[in-house]
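Survey of secondary and tertiary structure
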Amino acid sequence: MRVIIGKDYNDMSKKAANMVAAQILLKPNSVLGLATGSTPVMTYNYLIKLFNDETISFKDVVAVNLDEYIGLSKENPNSYRYFMNDIFFNHVDVKPENIYIPDGMAVDLERECQEYENLIRQNDGIDLQVLGIGNNGHIGFNEPDLKFEGVTHCIDLDEETIKANSRFFQKDDEVPKRAITMGVKTIMNARKIILLANGPEKAETIYKAINGKIDPALPASILQLHPDVTFILDKEAACCIEKKESITLCT
Ligand code: PGA
């Protein structure tokens, strides 16, 4: 595991964008696993800048998003489809037919999950997966559980997650309680993973994910077993990490 500590949110976002850019330059038709949430927003801003500078192009990239709320249409500003279009896809040259996000309005949700998993497989898996992390240690919407949930599936969101997400909604009862998410196995099958976190409120979760025991009660802890994972953090989120042999710390 590598841990890169940026000076601040801006610096860590630039470092994350550079890693994504390097991936695209080395393999223009990369399959990128993408995340929503507030953490990666600045990373997307830097990627748009690199696109505008003509350093990178997304024309051959395939984008697969981690998750989507159940019950929100793509026209709903709170859906992850809308969010991704708004902050990223509308500003780069990724082809609409190469963008995949689970359909939270699917009539047959089980089938939607299966088809999503199949399409990732048909694209030969994810080259680089970008992750955020919830305060409860979730990755995608894989919430704390008694076991690690394998492939793409429907999930009941944790009270803590619903509360955290309510900041984006006008009324509490509008916050979705269910979602479709790639599973832990889907994520672990990615060839390369970067996890981004910033701010003091993530420090304890990051400590547990990196230094704690591998436990489905903190889903991100399984990343300790991934052969090519990099945590990209700001100083505040990284403040509690203890050095250990399996961690390469970089700044
Ligand atoms: P955040 O969400 O980036 O808005 O903190 C992260 C997550 O829940 O995965």
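What this report covers is the structure whose coordinates are included nearby. (Residues numbered from 1 in each chain as written. Predicted model: local features only at pLDDT ≥ 70, side-chain atom pairs only at ≥ 80, totals over all residues. Heavy atoms only, no water.)

1. Quick notes on the pattern of salt bridges
Oppositely charged side chains can form a pair if their charged atoms are brought close together. Selection rule: We define a salt bridge as a side-chain nitrogen of Lys or Arg found within 4 Å of a carboxyl oxygen belonging to Asp or Glu. Relative accessibility decides the category of a residue: with a 1.4 Å probe and only protein chains considered, values under 20% of the type maximum give buried, values over 50% give exposed, and everything between is partly exposed.
Under the definition given, this model contains 12 salt bridges. The residue Asp-53 makes a salt bridge to Lys-49 at a minimum N-O spacing of 3.9 Å. Among the residues examined, Asp-53 registers a relative accessible area of 46% and is labelled partly exposed. Across the pair Asp-60 and Lys-59 runs a salt bridge whose closest N-O atoms are separated by 3.2 Å.

2. Details of the pairing of strand β8 (residues 178-181)
Here is the rule we go by: Whether two strands pair comes down to DSSP finding at least two bridges between them. Runs of E in the DSSP output that reach at least two residues are strands. Runs of H or I that reach at least four are helices, and both are numbered from the N terminus.
As paired strands, strand β4 (residues 67-69) and β8 are joined by three bridges and run antiparallel to one another. Each residue of the ladder has a partner; that of Asp-67, found in β8, is Thr-181.

3. Section: the packing of aromatic side chains
Rules: Two rings belonging to Phe, Tyr or Trp (six-membered ring only in the last case) form a pair when the distance between their centres is within 6.5 Å. Interplanar angles under 30 degrees mark stacking, angles over 60 mark edge-to-face geometry, and anything in between is tilted.
Considering all chains together, one arrives at seven aromatic pairs under this definition. Taken together, a centroid distance of 6.0 Å and an interplanar angle of 70 degrees make the contact between Tyr-69 and Phe-169 edge-to-face. With Tyr-69 in strand β4 and Phe-169 in the loop between α5 (159-165) and β8, the pair connects residues that are 100 residues apart, well separated along the chain. Considered together, Tyr-69 and Phe-169 belong to a single accessibility category, that of buried residues. Measuring from centroid to centroid gives 5.6 Å for Phe-88 and Phe-89, while their planes differ by 45 degrees, and the two rings are tilted. Grouped by ring-pair contacts, the aromatic residues Tyr-44, Phe-58, Phe-88 and Phe-89 constitute a single cluster.

4. A word on the nonpolar core
Generally speaking, a soluble globular protein has its nonpolar side chains buried in company with each other. Cut-off, in case you're wondering: As used in this record, nonpolar core signifies buried Ala, Val, Leu, Ile, Met, Phe, Trp, Tyr and Cys residues forming a set joined through side-chain atoms within 4.5 Å. Here a residue-residue contact requires only that any non-hydrogen atoms of the pair lie within 4.5 Å.
Formed by 37 residues in total, the largest nonpolar core has its most connected members in Val-3, Leu-195, Ile-206, Leu-223, Phe-231 and Leu-233. Of all the secondary-structure elements, those providing two or more residues to this core are β1 (2-6), β3 (62-65), α4 (109-122), α6 (184-188), β9 (192-197), α7 (203-211) and β10 (229-234). Excluding residues within four positions of it along the chain, Leu-195 makes contact with Leu-131, Gly-132, Ile-133, Ile-139, Ile-206, Leu-223, Thr-230, Phe-231 and Ile-232. Membership of the second largest hydrophobic core comes to 33 residues, among which are Tyr-46, Ile-87, Phe-89 and Leu-128.

5. Looking at helix α3 (residues 80-87)
The cut-off we apply is this: In this context, the arc is that of the directions from the helix axis out to the C-beta atoms.
By the burial criterion, the buried members of α3 are Tyr-80, Phe-83, Met-84 and Ile-87. For α3, the buried positions fall inside an angular range of 95 degrees around the axis, keeping them on one side. For α3, the elements touching its buried residues are β2 (31-34), α2 (41-52), β3, β4 and α5.

6. Focus: the sheet that holds β1
Stated precisely, the cut-off is as follows: Think of each axis as a best-fit line through the C-alpha atoms, taken over the contacting stretch in the case of a helix, with angles from 0 to 180 degrees between the N-to-C directions.
Across the sheet, which stays open at both edges, the eight strands sit in the order β5-β3-β2-β6-β9-β10-β1-β11 with parallel pairing between neighbours. With one partner strand each, in any of the chains shown, β5 (99-100) and β11 (248-250) form the two edges of the open sheet. Direction of pairing for strand β6 (residues 128-131) relative to β9: parallel, over a ladder of four bridges. Each residue of the ladder has a partner; that of Gln-129, found in β9, is Ile-193. Lying over the sheet, helix α1 (residues 9-26) contacts β1, β2, β6, β9 and β10, oriented at roughly 155 degrees with respect to β10. On top of the sheet, α7 reaches β1, β9 and β10; it is set at about 155 degrees to β10, its chief contact.

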